[in-house]
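Structural characterization, general
Each chain, letter by letter, is given below.
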Amino acid sequence: MDAGHRRGGDVVNRATRSPAWRDCALAALVPYVPYLWLLLFFAAPFVLVAVISAGDAAPDATPPIAFTGSGGSYARLVGDPLYIAAYIGSLRIAALSTLLALLIGYPMAYAIARAPESWRAGLLAAVILPFWTPFLIRVYAWTGLLSENGLVNQLLRGTGVAENPGTILGTEWAVCLGIAYAYLPFMVLPLYATLVKLDGALLEAAADLGAPPWRAFLTVTLPLSLPGVAGGCLLVFIPAVGEVIVPDLLGGADTLMIGKVLWDEFFANGDWPAASAVAVAMLVMLVLPVMALQRARGRALERR
Amino acid sequence: MPHRLHRRLLAALVVGYAFLYVPIASVVVYSFNESKLATVWAGFSLRWWGEFFRNEAMMEAATLSLAIAAASASGATILGTMAGFALARRARFPARTVFAGLVAGPMLLPEVVTGIATLLLFVALERLVGWPERGAATIAIAHVTLSMAFVAVVVQARLADFDRSLEEAALDLGARPAVVFRTITLPLIAPSVAAGWLLAFTLSLDDLIVAQFVAGPQSQTLPMLVYSSVRLGVSPQVNVLATIILVAAASILLVARAFLKAGEPAGDRIARRDCSDAGTIAH
């Protein structure tokens, strides 16, 4: 990769003659335009969040830009069991949703990777298509399906799985289902990418050596697809932790997720410092998974 | 490779696609429902379609959303293409790592966090310099920040598997860098730039959370309106809207695929030559 860049640099130097010089000066500016934009509209806001989160928690319609620095919001964050419960609830719901997405997504990705080559592009497009439809509406669709007399309950009663399934809507299960549904393509795509590259000869060798298909799957396919499993799980887990819309529309009063708490802290209570402190807590929560994802991406780029 | 799918794999696909499409299909079906209740089927009717098109608030919000999406997608495409270019082509410039992190940031962070942070900036700026007033403009600015990362990733990926010898040949023949960019680089990356624009457009149309934070009292986007009508008790008109958006999204996806397909022949040719080049060097 580096060699390519150096070679490019030489070319630019060779062309550093009169009118071209101005082009090069302009080209040199290229990174700095988006850089400045991101510094102003993405980095600077987080400095403000950090500053305001250190202020006192106080319901107020206007944000306190003045820095008080008492750390009162953080004291409340640690002291109030609601925040701790929401923090843990987010992690638990995100983990369960990720597991659910894996259980549905792995067989799908495996089947697409094993499908005849001419089918694969179409099958993948059909996985992505729902992703292009509005998130809000995809989640809203589940409110009807999961209600007392919705399709899911009719199915459960009809097949005799459950006589009286109760209302799924408003429970943590509904939230997990909604998140797994909304982010399923994120799970299927990386899994497909690793499974499709799998060398069929390895499975044939396993079969020749007498391994039944399930054993070949457990000892050959599954271990070799673990990078895809890890990638897919991170891609579902990270957005799931900060989910707001799904717990709001599908969850109940007892569904506690940290993103929803921030949302309510801001829109219902107008408490800017508390909302900012929750935002900082969310960032801290995501540092590890985001770093893991970035490292995985870096490794994937190196391999190419 | 087997030419037939195993029965169990076929079952996995049927279950998976049913999971993906039943909720969407249910929305479309219920948009033709006579009843006001979302779960009771009372016969076929176009009643809600008629009411939808007479709903002025809905039309107003749709117009605003489309305008914001077009503006922010264009801004995000320009800035995102620049960012993608910088990341793919410039090995080192000051604080490149910080830049890469800033580009990836909006994709990875929860929208609630980005939303509240951006709002705090707008409020602080408005107090300090009297700009910007919260409204369509602030939503558009926030959406540019949110979606330029996605454009950058698409463009960067295209540039990464791109044959540089074409550009080098043109430079050797004396073409100015700006001319090379316009006549060679841009046409070759055009499919991914177009795909990036469509992606940014869809992201902006889809966003509720950030818009809710940075919108002014006068500006209500379509997702904001849908959200409030869903929360106030489901209005069957939302089903109509969903159906329209579904058809539009499917069409956009088909157009985007056509764009990418149009770019493919050139890409394939380049890829094939890259391989033969590698072969010559290896021997």
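Residues numbered from 1 in each chain as written. Chains lettered and ligands numbered in written order. Predicted model: local features only at pLDDT ≥ 70, side-chain atom pairs only at ≥ 80, totals over all residues. Heavy atoms only, no water.

Quick notes on the overall build of chain A
The number of helices and strands found in chain A is 15 helices and zero strands. The buried share among the 304 residues of chain A stands at 48%. In chain A, of all internal contacts separated by at least 6 residues, the share reaching a separation of at least 24 is 69%. Summed over its atoms, the accessible surface of chain A is roughly 14,200 Å², and 69% of this surface lies on carbon and sulfur atoms. (Helix = DSSP H or I, 4+ residues; strand = E, 2+ residues; numbered from the N terminus. Buried < 20%, exposed > 50% of the residue type's maximum accessible area, 1.4 Å probe, protein only. Contact = heavy atoms within 4.5 Å. Areas by Shrake-Rupley, 256 points an atom, 1.4 Å probe, with all protein chains shown as cover.)

Let's talk about helix α6 (residues 117-128) of chain A
Taking 1.5 Å per residue, 12 residues should reach 16 Å; α6 of chain A reaches 18 Å between its end C-alpha atoms and fits that length. Every buried residue of α6 of chain A is accounted for by R120, L123, L124, A125 and V127 of chain A. (Expected span 1.5 Å × (residues − 1).)

Considering the interface of chain A and chain B
Taken residue by residue, the interface counts 96 residues in chain A and 93 residues in chain B. Each partner contributes to the roughly 8,500 Å² buried at the junction of chain A and chain B, and carbon and sulfur atoms together form 78% of this total. A per-residue breakdown of the area chain A buries against chain B is headed by F42, W132 and Y140 of chain A, which together make up 10% of the total. Between D248 of chain A and R231 of chain B there is a salt bridge, and its shortest N-O distance comes to 3.5 Å. Within the side of chain A that touches chain B, the residues separate by chemical class into 75 nonpolar, 11 polar and 10 charged. (Buried area = accessible area lost by both parts, 1.4 Å probe. Salt bridge = Lys/Arg side-chain N within 4 Å of Asp/Glu carboxyl O. Nonpolar A, V, L, I, M, F, W, Y, C, P; charged D, E, K, R; others polar.)

Some thoughts on helix α4 (residues 96-108) of chain B
Taking 1.5 Å of rise per residue, 13 residues should cover 18 Å, and α4 of chain B covers 18 Å from first to last C-alpha, within 8% of that figure. Every buried residue of α4 of chain B is accounted for by F99, L102, V103, A104, G105, P106 and L108 of chain B.

A word on the packing of helix α5 (residues 81-114) of chain A against helix α1 (residues 7-30) of chain B
The N-to-C vectors of α5 of chain A and α1 of chain B enclose an angle of 125°; their axes lie 8 Å apart at closest approach. In terms of axis orientation, α5 of chain A runs oblique to α1 of chain B. Crossing of α5 of chain A over α1 of chain B shows left-handed handedness. In this structure, α5 of chain A uses I104, P107, M108, Y110, A111, I112 and R114 of chain A to contact α1 of chain B, whose residues at the interface are L9, A12, L13, G16, Y17, F19 and L20 of chain B. Partitioned by chemical class, the residues of the contact of α5 of chain A with α1 of chain B number 12 nonpolar, one polar and one charged. (Axes fitted to C-alpha atoms, helices over the stretch in contact; angles between N-to-C directions. Parallel < 35°, antiparallel > 145°, perpendicular 65-115°, else oblique. Left-handed = near helix turned anticlockwise from the far one by under 90°.)

Quick notes on the confidence of the model for chain B
Residues and elements named next belong to chain B. Of the residues in chain B, 87% have a pLDDT of 70 or more, and the chain-wide mean is 83. Ranking the elements of chain B by mean pLDDT puts helix α11 (residues 237-282) last with 62 and helix α9 (residues 209-214) first with 96. A low-confidence stretch, residues 266-283 (pLDDT under 50), is modelled with nine contacts involving residues beyond four sequence positions or located in other chains. The ipTM for the predicted assembly is 0.85, set against a pTM of 0.86. (pLDDT = per-residue confidence, 0-100.)

Quick word on the packing of helix α3 (residues 32-53) of chain A against α4 of chain B
For the pair α3 of chain A and α4 of chain B, interaxial distance at closest approach is 10 Å and the crossing angle is 55°. Here α3 of chain A is positioned oblique relative to α4 of chain B, judged by the angle of their axes. The handedness of the crossing between α3 of chain A and α4 of chain B comes out as left-handed. Residues P34, Y35, L38, L39, F42 and A43 of chain A of α3 of chain A pack against V98, F99, L102, V103, G105 and P106 of chain B of α4 of chain B. Among the residues making up the contact of α3 of chain A with α4 of chain B, the classes are represented as 11 nonpolar, one polar and no charged.

Remarks on the packing of aromatic side chains
For the structure shown, the criterion picks out 25 aromatic pairs over all chains. Taking 5.0 Å as the distance between ring centres and 55° as the angle between the ring planes, the aromatic pair formed by F131 of chain A and F186 of chain A counts as tilted. Placement of F131 of chain A in the loop between α6 and α7 (135-145) and of F186 of chain A in helix α9 (residues 172-196) is noted, with a sequence separation of 55 residues between them. A residue is classified by how much of its surface remains accessible, and F131 of chain A, at 28% relative accessible area, is partly exposed. Each ring, one from F266 of chain A and one from F213 of chain B, has its centre 5.0 Å from the other, and the planes form 50°; the classification is tilted. Pair noted here: F266 of chain A is in helix α14 (residues 258-267) and F213 of chain B is in helix α9, and the two residues belong to different chains. (Phe/Tyr/Trp six-rings, centres within 6.5 Å; stacked < 30°, edge-to-face > 60°.)

Digging into a nonpolar patch on the surface
Taken together, V29, W41, F44 and L46 of chain B make up a surface patch of nonpolar side chains, about 440 Å² in accessible area. Here W41 of chain B shows up in the loop between α1 and α2 (47-54). (Patch = residues over 30% accessible without salt bridge, like charges linked within 9 Å, V, L, I, M, F, W, Y side chains within 5 Å.)

Re the environment of D208 of chain A
Residues and elements named next belong to chain A. Its place among the elements puts D208 in helix α10 (residues 200-208). On the basis of relative accessibility, which here comes to 69%, the residue D208 falls in the exposed class. Distance in space between the C-alpha atoms of D208 and A28 is 59 Å, their sequence separation being 180 residues.

A few points about the environment of A95 of chain B
All names here are of chain B. The residue A95 is located in the loop between α3 (56-89) and α4 in this model. For A95, a relative accessible area of 39% gives the class partly exposed. Sequence separation between A95 and N33 is 62 residues, and the spatial gap between their C-alpha atoms is 57 Å.

Regarding the nonpolar core
Counting residues in hydrophobic clusters, the biggest one holds 161 residues, and the most contacted among them are I112 and L262 of chain A together with F99, V112 and F213 of chain B. Top element by residues in this core is α9 of chain A. It accounts for 15 residues. (Core = buried A, V, L, I, M, F, W, Y, C linked by side-chain atoms within 4.5 Å.)

Section: the side chain of K260 of chain A
Residues and elements named next belong to chain A. Looking at the secondary structure, you find K260 in helix α14. Judged by relative accessible area, which is 14%, K260 ranks as buried. Apart from the residues lying within four places of it in its own chain, the contact partners of K260 are E243, V244 and D248.

Section: unusual backbone geometry
Residues W131 of chain B and P132 of chain B are joined by a peptide bond in cis, for which omega reads -5°. Considering the arrangement of structural elements, one finds P132 of chain B in the loop between α5 (111-129) and α6 (136-160).

Focus on the confidence of the model for chain A
Parts of the prediction with low pLDDT should not have their coordinates interpreted in detail. Per-residue pLDDT for chain A has a mean of 84; in total, 86% of the residues score no lower than 70. Segment residues 1-17 of chain A is flagged for pLDDT under 50; beyond a separation of four residues in sequence, or across chains, it makes 17 contacts in the model.

Comments concerning the pattern of salt bridges
Residues and elements named next belong to chain A. Here the structure, examined in full by the defined rule, presents eight salt bridges over all chains. For the salt bridge of R92 with E172, the shortest nitrogen-to-oxygen distance reads 2.8 Å. Of the two residues, R92 sits in helix α5 while E172 sits in helix α9, which places them 80 residues apart along the sequence. On the basis of relative accessible area, R92 is assigned to the partly exposed category, the value being 40%. Among the residues examined, E172 registers a relative accessible area of 24% and is labelled partly exposed.

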